[in-house]
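These are the residues of each chain, in order.
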Amino acid sequence: MSSNRGDYNEQCPYSLSPVSIKSQKLLRSPRKATRKISKIPFKVLDAPELQDDFYLNLVDWSAQNVLAVGLGSCVYLWSACTSQVTRLCDLSSDSNTITSVSWSERGHQLAVGTQHGYVTVWDVAASKQVNKLQGHSARVGALAWNGDVLSSGSRDRLIMQRDTRTPSQVPERRLAGHRQEVCGLKWSPDNQYLASGGNDNRLYVWNQHSSSPVHSYSEHMAAVKAIAWSPHHHGLLASGGGTADRCIRFWNTLTGQPMQCVDTGSQVCNLAWSKHSSELVSTHGYSQNQILVWKYPSLTQVAKLTGHSYRVLYLALSPDGEAIVTGAGDETLRFWNVFSKARSQKENKSVLNLFTNIR
């Protein structure tokens with residue numbers, strides 16, 4: 001009968017250690033340095049009138065390195081390259097407020113959702129409104145682009161998909177399924193599937209053709225606003241639940257199977273995957289208002305960042321994939337370096353010369 005002990009003795013007959021030579025070598029080898037994530041933001045900006053409303057999506061960062069923020073009845077743009085601040089629109093004359101903002105994939109157009117239920121589309125270079133999409137009967141808190149087609153989710157419980165080109169080349173679609181306000185909306189990286197989350201605690205996955213969801217998940221026990229598709233694992237979707245739930249759940253949307261689940265201990269407001277590594281960031285509300293960085297699939301916590309004094313309701317990823325911006329009802333925007341360096345050093349520097357003031 002052979003034993004492991006015999007194996008050790010063959011390798012080193014006089015060793016008294018129960019640890020094999022191979023394992024001893026491994027233990028002596030230098031550990032790969034763990035990445036240090038700074039606990040303090042590299043920039044903090046004032047954002048007066050940034051609303052403390054869980055159901056809104058008021059911050060987005062474009063491929064052209066411009067941040068859009070909805071403050072009250074206005075949308076402001078900050079260029080990370082020039083530090084310039086511009087006001088894109090002001091809806092106060094219409095007694096209206098901004099409820100969502102979303103950049104098109106190339107970053108040349110911005111969609112703006114409003115309290116009154118209409119959505120405007122802006123050509124940012126020309127500072128010109130190019131489209132006004134009517135159809136929702138209540139506020140539009142979630143927006144997601146798929147090429148020229150814009151999906152919008154509303155308190156009226158509908159998701160509408162409309163072609164923003166004029167004349168429209170794709171017929172309008174209405175997706176009815178949620179029984180309460182739609183607060184999360186994300187297209188998959190291959191633009192084939194749309195994930196939607198609602199105040200009815202439901203997470204739905206829709207394809208481009210069917211008028212009913214291809215997957216329906218009811219495991220969350222609170223509103224689902226936080227939704228993020230993995231850019232690394234085809235069909236992998238992460239979602240987070242509100243105060244009564246606190247969990248981040250992972251789904252294989254190719255098979256429909258639920259995967260991992262982690263209880264974060266507080267309301268999950270947003271999720272975003274790293275572009276360069278298998279990590280994701282979550283932002284939280286009651287009770288710690290924290291920002292957590294996770295490794296996937298182990299779900300070990302890489303970092304915990306605190307500083308916001310209100311729920312961290314807003315999150316956007318920089319175009320180089322290295323920094324995030326977070327926003328809260330404490331009326332601040334905070335910029336953090338959380339993900340590993342992108343491949344190009346030149347790109348990395350561009351995020352750091354951000355803007356100094358608002359308005």
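What you see is a predicted model; the values in this text were computed from it and never measured. (Residues numbered from 1 in each chain as written. Predicted model: local features only at pLDDT ≥ 70, side-chain atom pairs only at ≥ 80, totals over all residues. Heavy atoms only, no water.)

Here 4 strands make up an open sheet; going across it, the order is β10-β11-β12-β13 and the pairing antiparallel. Strands with a single pairing partner mark the edges of an open sheet, and in this sheet they are β10 (140-146) and β13 (173-176). Adjacent strand axes in the sheet meet at a mean angle of 20 degrees, parallel and antiparallel pairs treated alike. (Pairing = 2+ DSSP bridges. Helix = DSSP H or I, 4+ residues; strand = E, 2+ residues; numbered from the N terminus. Axes fitted to C-alpha atoms, helices over the stretch in contact; angles between N-to-C directions.)

The antiparallel open sheet is built from 4 strands, whose spatial order is β18-β19-β20-β21. On the outer flanks of this sheet lie β18 (224-229) and β21 (257-263), each paired with one strand and no other. Ignoring strand direction, the axes of neighbouring strands in this sheet form an average angle of 20 degrees. Looking at chain direction, β18 and strand β19 (residues 236-241) are connected through 5 bridges and run antiparallel. Its bridge partner being in β19, Val224 is matched across the sheet by Gly241.

Quick look at the packing of aromatic side chains now. Two numbers describe a pair of aromatic rings. These are the distance of the centres and the angle of the planes. A complete count under the given rule lists 9 aromatic pairs for this structure. Ring geometry for Tyr204 against Trp206: centres 5.8 Å apart, planes inclined by 75 degrees, an arrangement best described as edge-to-face. Of the residues examined, Trp206 reaches a relative accessible area of 0% and is grouped as buried. Ring pairs connect the aromatic residues Phe42, Trp61 and Phe335, which therefore count as one cluster. Above the plane of the ring of Tyr118 lies Lys132, whose end atom (NZ or CZ) is 4.1 Å from the centre. Lys225 extends its terminal NZ or CZ atom over the ring of Phe54, reaching a point 5.7 Å from the ring centre. (Phe/Tyr/Trp six-rings, centres within 6.5 Å; stacked < 30°, edge-to-face > 60°. Buried < 20%, exposed > 50% of the residue type's maximum accessible area, 1.4 Å probe, protein only. Lys NZ or Arg CZ within 6 Å of the ring centre and 35° of its normal.)

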